[in-house]
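Structural features, examined
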Amino acid sequence: MKIAPRFAPFLLEKLTERIVVMIGGYGSGKSMAIAQKLLIDYALRKKTKIAIIRKVFGTHVNSTYSLMKRLIQDECPNKVVGKLGKNTNSIQFSNGSEIIFLALDNPEKLKSLDNVEVAWIEEASEIYLHDFTEITGRLRTGDTKIILSSNPLTTSNWLYRYFFVWEDDKTGEKTTIVSEDEFYSIKDIIKESDIGGVKYHHSTVMDNPFVTEDYIKQLRAYKRTDPFKYEVAFKGKFGVLGERVFENITVGDYSQMREGTQYLGFDLGDKISYNALVDVRIKGQDLYIVNEWYDKDMTIPEIADEFRKFGIPRGKTVWNDTNFPQTINTLKPMLSGDGISFQNAKKGAGSVQAGIQKIKSYNIHIDKRCRHTLREFKELAYKEINGIKQEDKYTLDPHTVDAIRYAICKVQMYVPKGDFSHDYTGQTLYSDNPMVAHLQREKKMQERKKNTTNAKVGKQVALRGRVKQPLKGE
Ligand SMILES: Nc1ncnc2c1ncn2[C@@H]1O[C@H](COP(=O)(O)OP(=O)(O)O)[C@@H](O)[C@H]1O
Ligand SMILES: [Mg+2]
């Protein structure tokens with residue numbers, strides 16, 4: 001086993017603090033070091049129970065689980081019980097140790113945190129403060145340790161607010177626990193807290209001797225192409241930009257792709273905005289966007305022509321936007337001769353957020369010709385209001401993403417086979433962070449107020465002239 005010098009103290013010394021916060025740029029070696037620690041210091045040393053936690057279960061397969069599996073196969077293949085397959089939620093060791101993989105999309109499963117000695121929360125910025133509080137609450141027994149790893153995302157992320165600078169919502173008063181300057185220059189810091197000692201660790205890709213020059217070059221190149229991303233990815237500094245919705249996208253040539261199940265989706269721009277038609281393929285946990293059409297200011301016959309050129313197989317259904325039923329009704333007979341039919345995509349409260357979560361449960365691959373899809377996937381970020389990330393509001397109106405949501409509106413969110421079945425309900429609970437809870441409550445109250453006023457206005461209009469309300473966009 002090779003270890004990176006930057007992580008040597010962490011790996012070789014016994015953990016003394018209850019909480020370890022490992023924050024750093026892309027590819028700095030955080031995940032590998034933590035996996036190594038869990039294996040050598042915990043799983044192999046004595047009989048113990050380890051938990052690895054992520055926000056969404058499906059994301060374990062290609063990250064924490066495959067990393068752990070690879071490490072075990074390289075270092076101690078004969079120390080595990082049974083064969084390491086692709087879909088599992090635990091690894092058993094011959095000495096009785098166990099690693100369980102958990103996710104917050106099934107809170108029931110957090111019950112299995114009983115008796116866990118060490119927990120690793122991977123990509124901790126993805127979870128919420130109340131999730132973290134829940135986890136620390138369940139891991140109270142004895143000498144339990146919690147390791148968090150993350151890229152430094154926005155300063156509105158709970159990680160920053162909890163471990164670095166806390167801002168009081170009423171007074172706006174800021175309390176610095178660890179300043180950014182201190183963190184980036186000292187890199188190893190220990191602080192006391194009500195929930196135990198906290199060890200901070202900072203790293204960047206320059207601390208990782210195991211990556212290629214090309215990889216480093218790629219991160220450095222953000223300096224020109226995306227200076228904000230450069231700060232986060234290369235320098236490992238908290239970003240000022242809104243948090244991107246899609247972090248990991250693969251770009252490739254999928255023009256010849258014939259596998260997978262094909263889904264087509266159509267977002268209408270009508271006269272105001274862009275039309276987007278997409279061809280999506282799903283195969284296992286992979287979602288491919290293989291073709292796009294994206295244009296505006298088109299007459300309906302022109303749109304019909306584009307559909308014909310797009311190469312839609314006869315008998316295929318296009319899942320469409322429901323905002324402009326007139327356009328769809330005119331388009332339908334024009335294309336029925338080509339064997340193309342339309343169906344209204346499922347919409348409703350929360351469908352945008354749920355649809356985006358669903359897309360995110362897959363590994364996303366975009367064909368390099370799909371310029372607009374690529375751009376929208378790269379640019380889409382969560383909106384921030386008063387510095388607070390809004391889970392259900394976005395910085396732009398992404399037509400290709402909408403079209404993909406429609407295309408797969410009947411497809412389930414990806415859940416690995418052999419996994420417990422779980423119900424994704426979204427996260428609407430008030431946060432345990434007093435500041436966030438307060439804002440959320442206010443927002444809820446304002447929404448409620450707005451809804452009652454809207455209902456009243458709607459009623460009056462209906463009474464007066466039976467004016468049909470236009471269908472409202474999402
Ligand atoms: N000790 C190590 N030995 C071999 N390869 C390593 C080691 N540490 C990191 N790497 C490699 O460097 C890359 C980035 O490491 P990773 O732990 O995924 O970084 P991070 O979690 O900080 O993004 C991975 O491909 C990993 O395999
Ligand atoms: Mg990592």
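Computed from a predicted model, the values in this text were never measured in an experiment. (Residues numbered from 1 in each chain as written. Chains lettered and ligands numbered in written order. Predicted model: local features only at pLDDT ≥ 70, side-chain atom pairs only at ≥ 80, totals over all residues. Heavy atoms only, no water.)

This part takes up the overall build of the chain. Along its length, the chain carries 14 helices and 20 strands. Counted over contacts in the chain with a minimum sequence separation of 6, partners at least 24 positions apart contribute 69%. Of the roughly 23,700 Å² of accessible surface on the chain, a fraction of 51% belongs to carbon and sulfur atoms. (Helix = DSSP H or I, 4+ residues; strand = E, 2+ residues; numbered from the N terminus. Contact = heavy atoms within 4.5 Å. Areas by Shrake-Rupley, 256 points an atom, 1.4 Å probe, with all protein chains shown as cover.)

This paragraph deals with helix H12 (residues 371-379). Along H12, the positions that sit buried rather than exposed are His372, Thr373, Leu374, Glu376 and Phe377. Next to the buried residues of H12 lie strand E12 (249-252), strand E15 (286-295), helix H11 (351-360), strand E18 (363-367) and helix H13 (399-407). (Buried < 20%, exposed > 50% of the residue type's maximum accessible area, 1.4 Å probe, protein only.)

So, about the nonpolar core. Phe132, Leu148, Phe163 and Phe164 are the most contacted members of the largest nonpolar core, which totals 34 residues. Here this core takes 4 residues from helix H5 (residues 158-163), the largest share from any one element. In this structure Phe163 touches Ile19, Val21, Phe132, Leu148, Trp158, Ile177, Val178, Val198 and Tyr200, once residues within four positions along its chain are discounted. Listed in part, the 33 residues of the second largest apolar core include Ala33, Tyr42, Ala43 and Ala103. (Core = buried A, V, L, I, M, F, W, Y, C linked by side-chain atoms within 4.5 Å.)

As a matter of local geometry, ligand 1 sits amid Lys2, Ile3, Gly27, Ser28, Gly29, Lys30, Ser31, Met32, Gln36, Asn208, Phe210 and Val211. Between ligand 1 and Met32, the relevant distance is 2.8 Å, taken from an oxygen atom to a main-chain nitrogen or oxygen of the residue. At a separation of 3.3 Å, a nitrogen atom of ligand 1 approaches a polar side-chain atom of Gln36. Contact with the protein chains removes 72% of the 550 Å² of surface that ligand 1 exposes when unbound. (Near = heavy atom within 4 Å. Polar contact = N/O pair within 3.5 Å; in protein donor to acceptor, adjacent residues only side chain to side chain.)

Our next topic: unusual backbone geometry. Even without being a glycine, Glu123 presents a positive backbone phi close to 50°. For Glu123, the position within the fold is in the loop between strand E6 (118-121) and helix H4 (129-138). When its relative accessible area of 21% is taken as the criterion, Glu123 is described as partly exposed. In this structure, Lys187 is a non-glycine residue whose phi angle is positive, near 70°.

We now examine the pairing of strand E1 (residues 19-24). Within a regular strand, the side chains alternate between the two sheet faces. With 6 of 6 residues buried, E1 lies mostly within the body of the structure. Residues Ile19, Val21 and Ile23 of E1 are buried on one face, and the alternating residues Val20, Met22 and Gly24, pointing to the opposite face, are buried as well. As paired strands, E1 and strand E11 (residues 198-203) are joined by 6 bridges and run parallel to one another. Across the sheet, residue Ile23 finds its bridge partner in E11, namely His202. (Pairing = 2+ DSSP bridges.)

A few words now on the sheet that holds E15. Taken in spatial order, the 7 strands line up as E12-E18-E15-E14-E13-E16-E17 in an open sheet, and their pairing is mixed. On the outer flanks of this sheet lie E12 and strand E17 (341-344), each paired with one strand and no other. Taking each pair of neighbouring strands and ignoring which way they run, the sheet shows an average axis angle of 30°. With 4 bridges joining them, E12 and E18 adopt parallel strand pairing. Within the sheet, the bridge partner assigned to Gly252 lies in E18 and is Asp367. (Axes fitted to C-alpha atoms, helices over the stretch in contact; angles between N-to-C directions.)

This paragraph deals with a nonpolar patch on the surface. Taken together, the side chains of Met1, Ile3, Leu12, Ile40 and Leu44 make up a nonpolar region of the molecular surface, amounting to roughly 400 Å² of accessible area. Residue position: Ile40 is located in helix H2 (residues 30-43). Residue Ile40 is classed as partly exposed on the basis of its relative accessible area of 31%. (Patch = residues over 30% accessible without salt bridge, like charges linked within 9 Å, V, L, I, M, F, W, Y side chains within 5 Å. Salt bridge = Lys/Arg side-chain N within 4 Å of Asp/Glu carboxyl O.)

Chain-level pLDDT for the chain is 85 on average; 86% of the residues reach the 70-or-more range. When the criterion is pLDDT under 50, residues 418-437 qualifies, and its contacts beyond four places in sequence or with other chains add up to 48 contacts. Taken together, the stretch residues 458-474 has pLDDT below 50 and engages in 15 contacts with residues farther than four places along the chain or on a different chain. (pLDDT = per-residue confidence, 0-100.)

With that settled, the discussion passes to the pattern of salt bridges. Tallying each qualifying case throughout the model produces 18 salt bridges. Of the charged contacts, one joins Glu17 and Lys199 as a salt bridge, the two residues approaching to 3.7 Å between their closest N and O atoms. You can see Glu17 sitting in the loop between helix H1 (8-12) and E1 and its partner Lys199 sitting in strand E11, a full 182 residues away along the chain. Look at Glu17 and you get buried, because its relative accessible area is 12%. Under the relative-accessibility criterion, Lys199 is labelled partly exposed at 21%. Linking Glu134 and Arg138 is a salt bridge whose minimum nitrogen-to-oxygen distance equals 3.0 Å. Of this pair, Glu134 and Arg138 both sit in helix H4, 4 residues apart, which is roughly one turn of the helix. Each of the salt bridges in this network shares a partner with another, and the network as a whole consists of Lys14, Asp143 and Lys145.

Ordered in space as E3-E4-E5-E2-E6-E7-E1-E11-E10, the 9 strands form an open sheet in which the pairing is mixed. Both outer strands of the open sheet, strand E3 (80-81) and strand E10 (188-191), are each paired with one neighbouring strand and no more. Together, E1, strand E2 (49-54), strand E4 (90-93), E6, strand E7 (145-150) and E11 form the strand contacts of H2, whose direction differs from that of E6 by roughly 170°.

Where H2 contacts helix H3 (residues 61-75), the two axes come as close as 10 Å, and the packing angle between them is 55°. One element, H2, and the other, H3, form an angle in the oblique class. Here H2 runs over H3; the crossing is right-handed. Taking contact as the criterion, the partners of Ser31, Met32, Ala35, Gln36, Leu38 and Leu39 in H2 are, on H3, Leu67, Met68, Leu71 and Ile72. (Parallel < 35°, antiparallel > 145°, perpendicular 65-115°, else oblique. Left-handed = near helix turned anticlockwise from the far one by under 90°.)

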